Amino acid sequence: MKTIVHVVGTGTIGEPLIGLFTDFRDRMGIDEVTFHKRTALKSDFAKLEHLMARGAKLAADQSVRGDFEALGHTVSLETQEALERATVVIDCTPAGNANKAEIYSKLSGPRGFLAQGSEFGFGKPYARGVNDEVLVEGEDRFLQVVSCNTHNITTLVKTLCDDGDKGYCLDNAAFVCMRRANDITQEGGFIPAPQVGTHGDPEFGTHHARDAHSLFSTMDLDLDLFSSAVKLNTQYMHSIWFKFRLDRDTTLEEVIERLRDNHRVALTDKRQANLIFSFGRDHGYYGRILSQTVVVTPTLLVRRKREIVGFCFTPQDGNSLLSSVAAALWQIDPDPGSVQHRLDPIRRWLYREI
Ligand SMILES: NC(=O)c1ccc[n+]([C@@H]2O[C@H](COP(=O)([O-])OP(=O)(O)OC[C@H]3O[C@@H](n4cnc5c(N)ncnc54)[C@H](OP(=O)(O)O)[C@@H]3O)[C@@H](O)[C@H]2O)c1
């Protein structure tokens, strides 16, 4: 039996994932990488040909096969065939839940399915380094890789508040997610000025704290989290302001030491998002830093011994990419040592200092 990773969607998340699996398939124990694209577009010609030149195989619906071929692409597989023969399917579309209901839940071939941040309810929420221990072999066939800001928030909470056997020392935490208007890969959605968000969720404010709470609930934790969101007229990284109230005293030294001790956290003295973004462009994989969060050290403050305040940047979608790879490798072979080993080739993009 071949080990096949099949990626659905070639957008902001799908494209680097296809590239990553093709580049590192030998070291990750993957025999074949296939991907599905819905629409044949002249403007996507170079992207598809480059992915295929590296070894990935294109799958398309029978109804549009001719459109792809007319552009000059080789279509290797039909959509349903590609899904059935895959070991793991990674849905990178905003339609993961719909695809699960209509297609994935009826397939017997694949061992596992992953969907991304917008697809709340697709399966158990997962972030690498936060709740790995709750994945259950043979049970978690559907997993939802949480959004980039949820990775950031949950990593901060775990790093600063996990007191081991004593539980989490968190009384409550609040976050203001300052989101970029759109990604540099996207044409639409830019805004002329900052646009504040409403608090649609009476308990959590916005979906960011709700998603983080839901992820911690897989670990039997019921944390008091609240978030607000504002969209900024920038294409650079998301930024987050955070305020934690602990149920015990802490110090700035302890806060920095805890952040330094987590290899998934990067620290920086840089205070402008473009500088982190350009570091990713110059030293990242597909321009991505795979760290879960980039905390701005000079902004950290401990107030009244129990409050921690600071700013951090969310490394675009790099953290979601890392968790997607880790979750796919787990579904292929759940042995934790094996997942660890097969992730080795991409570890160098987990920065400790930026
Ligand atoms: N962008 C980010 O920074 C980011 C970060 C973390 C998580 N995510 C999550 O990743 C997911 C995808 O987001 P994205 O930003 O990568 O989207 P995107 O750039 O807009 O790309 C979406 C892709 O999905 C395909 N697609 C859309 N609907 C489809 C359907 N019904 N069936 C098959 N293919 C379909 C599109 O195909 P065609 O173009 O061929 O039509 C396109 O390739 C979302 O859940 C999002 O929340 C995004």
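Residues numbered from 1 in each chain as written. Predicted model: local features only at pLDDT ≥ 70, side-chain atom pairs only at ≥ 80, totals over all residues.

(A) Expanded view of the site of the ligand. Lining the immediate surroundings of the ligand are 24 residues, of which Gly9, Gly11, Thr93, Gln116 and Asp317 lie closest. Looking at the shell around the ligand residue by residue, the class counts come to six nonpolar, 13 polar and five charged. Each of domain 1 (4-146 + 319-347) and domain 2 (148-317) accounts for three or more of the residues forming the shell around the ligand. (Near = placed C-beta within 6 Å. Nonpolar A, V, L, I, M, F, W, Y, C, P; charged D, E, K, R; others polar. Domains from an automatic or database assignment.)

(B) Examining the domain arrangement of the protein chain more closely. Parsing the protein chain into structural domains produces domain 1 (4-146 + 319-347) and domain 2 (148-317). Counting residues at the interface gives 21 residues for domain 1, matched by 22 residues for domain 2. In terms of residue count, the dominant contributor to the side of domain 1 that touches domain 2 is helix 10 (residues 318-332) (five residues). (Contact = placed C-beta atoms within 7 Å. Helix = DSSP H or I, 4+ residues; strand = E, 2+ residues; numbered from the N terminus.)

(C) Here's a closer look at the packing of helix 6 (residues 148-161) against helix 7 (residues 207-217). Helix 7 packs onto helix 6 with a crossing angle of 55° between their chain directions and a minimal axis gap of 9 Å. As the angle between them shows, helix 6 and helix 7 are arranged oblique. Crossing of helix 6 over helix 7 shows right-handed handedness. Taken together, the residues of helix 7 that come into contact with helix 6 (itself represented by Asn149, Thr150, Ile153, Thr154 and Val157) are His208, Asp211, Ala212, Leu215 and Phe216. Its residues assigned to classes, the contact of helix 6 with helix 7 shows five nonpolar, four polar and one charged. (Axes fitted to C-alpha atoms, helices over the stretch in contact; angles between N-to-C directions. Parallel < 35°, antiparallel > 145°, perpendicular 65-115°, else oblique. Left-handed = near helix turned anticlockwise from the far one by under 90°.)

(D) Expanded view of the pairing of strand 1 (residues 4-8). Among the five residues of strand 1, five are classified as buried, and the element is accordingly described as predominantly covered. Burial along strand 1 is two-sided: Ile4, His6 and Val8 and Val5 and Val7, pointing in opposite directions, are all buried. Sheet topology places strand 1 next to strand 2 (residues 32-36); five bridges connect them, and they run parallel. Bridge pairing links His6 to Thr34 in strand 2. (Buried ≥ 20, exposed ≤ 12 C-beta atoms within 10 Å, placed from the backbone. Pairing = 2+ DSSP bridges.)

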